[in-house]
Amino acid sequence: MKQAAVLGAAGFVGRHTARALAGAGYEVVGIGHGTWLRDEWRDWGLREWHVADIGMEALLTYAGEPEILVQCAGSGSVAFSMTHPAQDFRRSVDSTLAALDFVRLHAPECRFVLPSSAAVYGTVERMPIGVADPLRPESPYGVHKTIAEDLCRSYARTFGVHAAIVRLFSVYGVGLRKQLLWDSCVKLTLGEARFAGTGEELRDWLDVEDAAALLLAAAGRASADCPIVNGGTGQAASVRTIVEGLERELGVAIPPVFSGERRSGDPIGYEADIGDALAWGWRPERSLADGLAAYAAWFLAESR
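Every chain's residues receive numbers from 1 upward, in the order its sequence appears when written. Since the coordinates come from a predicted model, pLDDT governs what is reported: local features require at least 70, and pairs of side-chain atoms require 80 or more to be given and counted, while whole-chain, interface and lining totals use all residues. Side-chain metrics rest on all non-hydrogen atoms present in the structure, leaving aside hydrogens and water.

A. Main features of the side chain of His 144. Helical segments are the DSSP runs of H or I of at least four residues, strand segments are the runs of E of at least two, and each set is numbered from the N terminus. Considering the arrangement of structural elements, one finds His 144 in helix H6 (residues 140-159). With residues up to four places along the chain from it excluded, the contact list for His 144 reads Pro 85, Asp 88, Phe 89, Ser 92 and Val 93. Two residues form a contact once any of their heavy atoms are found within 4.5 Å.

B. Structural context of helix H7 (residues 179-189). Partly exposed describes any residue whose relative accessible area lies between the buried limit of under 20% and the exposed limit of over 50%, with all areas from a 1.4 Å probe on protein chains only and scaled to the type maximum. Where H7 is concerned, the buried positions are Leu 181, Trp 182, Ser 184, Cys 185 and Leu 188. Buried residues in H7, looked at end-on, bunch into an arc of 165 degrees, giving them a common side. Looking at the buried positions of H7, the neighbouring elements they touch are strand E7 (170-172), strand E8 (194-195), strand E10 (205-207), helix H9 (239-250) and helix H11 (288-303). Gly 191 occupies a position one or two residues after H7 and carries a positive phi of about 85 degrees. Arc, as used here, means the arc of the directions from the helix axis to the C-beta atoms.

C. The nonpolar core, seen in detail. Among the nonpolar cores identified, the biggest contains 64 residues, and Leu 21, Val 28, Trp 41, Leu 181, Leu 246 and Tyr 295 are the most heavily contacted of them. Among residues more than four places away in sequence, those in contact with Trp 41 are Ala 9, Ala 18, Val 28, Val 29, Gly 30, Leu 46, Arg 47, Glu 48 and Trp 49. Take the buried Ala, Val, Leu, Ile, Met, Phe, Trp, Tyr and Cys residues and link them wherever side-chain atoms come within 4.5 Å; each set so joined is a nonpolar core. In this structure, Leu 7, Ile 54, Val 161 and Cys 226 belong to the second largest nonpolar core, which totals 30 residues.

D. How the structure looks around the packing of H9 against H11. For helices, the fitted line uses only the C-alpha atoms of the stretch in contact; every axis is such a line through C-alpha atoms, and the angle between N-to-C directions lies from 0 to 180 degrees. It is the contact of H9 with H11, at a shortest axis distance of 9 Å, that shows an interaxial angle of 55 degrees. Classified by the interaxial angle, the pair formed by H9 and H11 is oblique. In the packing of H9 onto H11, the handedness of the crossing is right-handed. Contacts between H9 and H11 involve Ile 242, Gly 245, Leu 246, Glu 249 and Leu 250 from the first element and Leu 288, Leu 292, Ala 293, Tyr 295, Ala 296, Phe 299 and Leu 300 from the second. Any residue outside Ala, Val, Leu, Ile, Met, Phe, Trp, Tyr, Cys, Pro, Asp, Glu, Lys and Arg is labelled polar, Gly included; the first ten of those are nonpolar and the last four are charged. Residues that form the contact of H9 with H11 fall into these classes: 10 nonpolar, one polar and one charged. Roughly parallel refers to an angle under 35 degrees, roughly antiparallel to one over 145, roughly perpendicular to one between 65 and 115, and oblique to any angle outside these ranges. Handedness of a crossing is defined here by the sense of rotation of the near helix relative to the far one, left-handed for an anticlockwise turn of less than a right angle and right-handed for a clockwise turn.

E. Up close: the state of the cysteines. Working definition: a disulfide is two cysteine sulfur atoms within 2.5 Å of each other. Counting across every chain of the model gives zero disulfides. The closest cysteine sulfur to the non-disulfide-bonded Cys 226 is located on Cys 152, 5.4 Å from its own sulfur. Residue Cys 226 is classed as buried on the basis of its relative accessible area, which comes to 6%.

F. View of the pairing of strand E3 (residues 48-51). In this description, strands pair whenever DSSP reports at least two bridges between them. As judged from the four bridges shared by strand E2 (residues 26-32) and E3, these two strands associate in the parallel manner. Paired with Ile 31 across the two strands is His 50, which belongs to E3.

G. Seen up close, the sheet that holds strand E6 (residues 162-168). Sheet architecture is open: seven strands sit in the order E3-E2-E1-E4-E5-E6-E11, paired in parallel fashion. Two strands close off the open sheet at either side, each with one partner strand: E3 and strand E11 (228-231). The mean angle between the axes of side-by-side strands here comes to 20 degrees, regardless of whether they run parallel or antiparallel. Inspection of the sheet shows strand E4 (residues 68-71) paired to strand E5 (residues 111-117) by three bridges, in the parallel sense. Across the sheet, residue Ile 68 finds its bridge partner in E5, namely Arg 111. Helix-sheet contacts for helix H5 (residues 85-106) involve strand E1 (2-7), E4 and E5, and the interaxial angle to E4 is about 170 degrees. Along the sheet face, helix H8 (residues 208-221) touches E4, E5, E6 and E11 and points at about 140 degrees away from the line of E5.

Shown next, in the form of structure tokens:
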């Protein structure tokens, strides 16, 4: 069978990407942290799960010679990078460098996919944001994602590594136990309604299954040209819209109150130009309304 490896496979995007690869007929090896994932990995019919830091030694030991390697390892939090910048660097940059060098030396035909982030754009002057727009990251998280992208382009240009980059915007979905949707559901069900920020921050919300499908599409397009696409829906919605939508779906009546203070490293607005991704034949399938309903139903079931 075709083989694939997912690094950072215990993470939210990593888990869904592994399942999508398995659904496409790949034997999938996962490398990362989270011993709890072993049983689920077997239940999903995936090949192997290994608990290890992402480095050359782990890749040589476990990855084999994959046809696809998706580098999902790394920090997923702007806030964490603001308080732990060195650790965030190691998670995002060092792991990407190790993975690229593994491909260069031991799997030269492998297609390498990097899920990057809209955080590389920083504060933007216009929306929707195109992949050719300037990169002005405002947080260590965004800077480290930018460096990881530079490494991909360098290895593609210099060594012919077949690479592709997907700049994911605000990924959410059933099973995510952190960030805005989770925090909002927890607060609202406890009768709390105070939130940070202004509530008018705009984000382009992409369901995780649509994100995983785009990463698979990127593997098929990976080349020494290292194409880059945005991963979003092309339609932004405010944080207030998300919280109020969850309020309705949870069946509570607690209008949200926002502090009015912009959070450090948190740009005011993002909306993706997804024209390049659409040209690949991919398109987002789940609407935001359906996604919020599914998330709220899952949260209520988990809370029983």
